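Inside the fold
Here are the chains, one letter per residue:
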Amino acid sequence: MSNAQNKFFYRLIAEQAGCKEEDHDALVACLRSRDATNITAAFSHYQTNMRSMADLGFGGSSPCAQKKGPKKFYSEQETPTNILFSGNYEHAPMFFGANKKEGSYVYSVLYNEYFLPNELENDENFLINDLMPTLMNTLSVSNYYPFKEMLKDVFFDEGQVGDLYSMIPGLTDLFSVFFFKANAYELIQQNSKYAPSFWYGYDYSNTQKSLFHLNYMNPASKANLTHPGTSHGDESIFLFDVVLPLVWCDIGAIVNDALECLSHIGSQN
């Protein structure tokens, strides 16, 4: 692991914005002196760099406002996981869930920002021998050798590993579990010890209407995912009473349907 990766994510972002103060208060003061454009550009640069190393690059991007108690920075030992399992937090009822194909989004991010820039999409040796270790490193899983072999057996059929297109179904399922479902379900389980906690699974899929199309409006960026399934964020279509923007739809499919409809109308006339 590089020195850059050893640092807290927020420090990597701050450095991109030109703030390298070691003292926390001085670091905050420096960041407050930067405008929003500078901070946004710093995060964008940081995220691009992290994704080129097979990391999703979301670290440091979800600040949580402190509402009570003395102002503090969490120590290296005070991770969200440690706090969750200790039970030493304010307990509240919780309703959480996941979509069936959350991993479609993760796969597309890695395909566009890791596989393609590093020319790995057709690298059979990498896909067979190094992809699983790379993912385990991304997820901070140590001593993963027997584990990576088990993952191959669970998520892929015989002969699929080594061909990225054939691996897409297994990879999207694997990403769904490791990047979303497992930790979210663990959160609900732990919180249920202290407060009412409920889990839902959202499986309805409409290939033509998905947040996936908003994230990847250019057909070339869809990572060969012709059927992304119930992708990350798709439940928001039904959670919020809003008109569905056209950009959420597969424009190509809509145009084809419209042309077919017009051809039928023309033939009837």
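Just above, that's the structure.
The structure contained in this document is the topic of the report that follows. (Residues numbered from 1 in each chain as written. Predicted model: local features only at pLDDT ≥ 70, side-chain atom pairs only at ≥ 80, totals over all residues. Heavy atoms only, no water.)

1. A word on the overall build of the protein
Looking only at helices and strands, the protein has twelve helices and two strands in total. Reading the protein from its N terminus to its C terminus gives the helix and strand order α-α-α-α-α-β-α-α-α-α-β-α-α-α. Counting only residues that meet the buried cut, the protein has 34% of its 269 residues in that class. A sequence separation of at least 24 residues applies to 66% of the contacts in the protein between residues at least 6 apart. As displayed, the protein has an accessible area near 16700 Å², and 55% of this comes from carbon and sulfur atoms. (Helix = DSSP H or I, 4+ residues; strand = E, 2+ residues; numbered from the N terminus. Buried < 20%, exposed > 50% of the residue type's maximum accessible area, 1.4 Å probe, protein only. Contact = heavy atoms within 4.5 Å. Areas by Shrake-Rupley, 256 points an atom, 1.4 Å probe, with all protein chains shown as cover.)

2. Quick notes on the side chain of N99
Residue placement: N99 occurs in strand β1 (residues 94-99). A distance of 2.8 Å separates the side chain of N99 from the backbone oxygen of S231, its partner in a polar contact. Those residues in contact with N99 that sit more than four places away from it in its chain are K181, Y202, T230, S231, H232, G233, D234 and E235. (Polar contact = N/O pair within 3.5 Å; in protein donor to acceptor, adjacent residues only side chain to side chain.)

3. Brief notes about the pattern of salt bridges
Using the criterion set out here, one finds three salt bridges in the structure. When the shortest N-O distance is used, the salt bridge between E149 and K148 registers 2.8 Å. A residue is classified by how much of its surface remains accessible, and K148, at 9% relative accessible area, is buried. (Salt bridge = Lys/Arg side-chain N within 4 Å of Asp/Glu carboxyl O.)

4. Side note on the packing of helix α6 (residues 103-115) against helix α9 (residues 164-191)
Where α6 contacts α9, the axes come no closer than 7 Å and their chain directions differ by 115°. Two packed elements cross with a definite hand, and for α6 against α9 that hand is right-handed. On the side of α6, the interface is formed by G103, S104, Y105, V106, Y107, L110, Y111 and F115, while α9 contributes L164, I168, L171, T172, F175, S176, F179 and F180. Across the contact of α6 with α9, the residue classes tally to twelve nonpolar, four polar and no charged. (Axes fitted to C-alpha atoms, helices over the stretch in contact; angles between N-to-C directions. Left-handed = near helix turned anticlockwise from the far one by under 90°. Nonpolar A, V, L, I, M, F, W, Y, C, P; charged D, E, K, R; others polar.)

5. Things to note about the state of the cysteines
Counted under the stated rule, the structure contains one disulfide. Covalently, C19 is tied to C30 through a disulfide, its sulfur atoms 2.0 Å apart. Because the sign of the S-S torsion sets the handedness, a value of about -80° for the bond joining C19 and C30 places this disulfide among the left-handed ones. Of this pair, C19 sits in the loop between α2 (9-16) and α3 (24-32) while C30 sits in helix α3; the two residues are eleven residues apart in sequence, bridging distant segments of the chain. Judged on exposure class, the residue C19 and its partner C30 are both buried. (Disulfide = S-S within 2.5 Å.)

6. A few points about α2
For α2, the set of buried residues is R11, L12, I13 and A14. Backbone geometry just after α2 places G18 at a positive phi near 90°.

7. Some thoughts on unusual backbone geometry
Of note in this structure, A54 is not a glycine but carries a positive phi near 70°. A relative accessible area of 3% places A54 in the buried class. Here the phi dihedral of E119 falls at roughly 55°; this positive angle occurs in a residue that is not glycine. Looking at where E119 falls in the secondary structure, it is placed in the loop between α6 and α7 (124-138).

8. Remarks on the packing of helix α8 (residues 145-155) against α9
Interhelical geometry of α8 versus α9 gives an angle of 120° and a closest axis separation of 10 Å. Considering their axes alone, α8 and α9 lie oblique with respect to each other. The way α8 lies across α9 gives a crossing that is right-handed. Only G170, D173, L174, V177 and F178 of α9 make contact with α8, whose side of the interface consists of F147, L151 and F155. Tallied by class, residues from the contact of α8 with α9 come to six nonpolar, one polar and one charged. (Parallel < 35°, antiparallel > 145°, perpendicular 65-115°, else oblique.)

9. Some words on the packing of aromatic side chains
For any pair of aromatic rings, the description rests on two quantities: the centre-to-centre distance and the angle between the ring planes. Evaluation of the coordinates by the stated rule reveals twelve aromatic pairs. The interplanar angle of 40° and the centroid separation of 5.8 Å between the aromatic rings of F43 and Y46 together place this pair among those described as tilted. Here F43 pairs with Y46, and both are found in helix α4 (residues 36-51), just three residues apart, close to one helical turn. A residue is classified by how much of its surface remains accessible, and F43, at 21% relative accessible area, is partly exposed. A network of ring pairs unites the aromatic residues F9, F43 and Y46 as a single cluster. (Phe/Tyr/Trp six-rings, centres within 6.5 Å; stacked < 30°, edge-to-face > 60°.)

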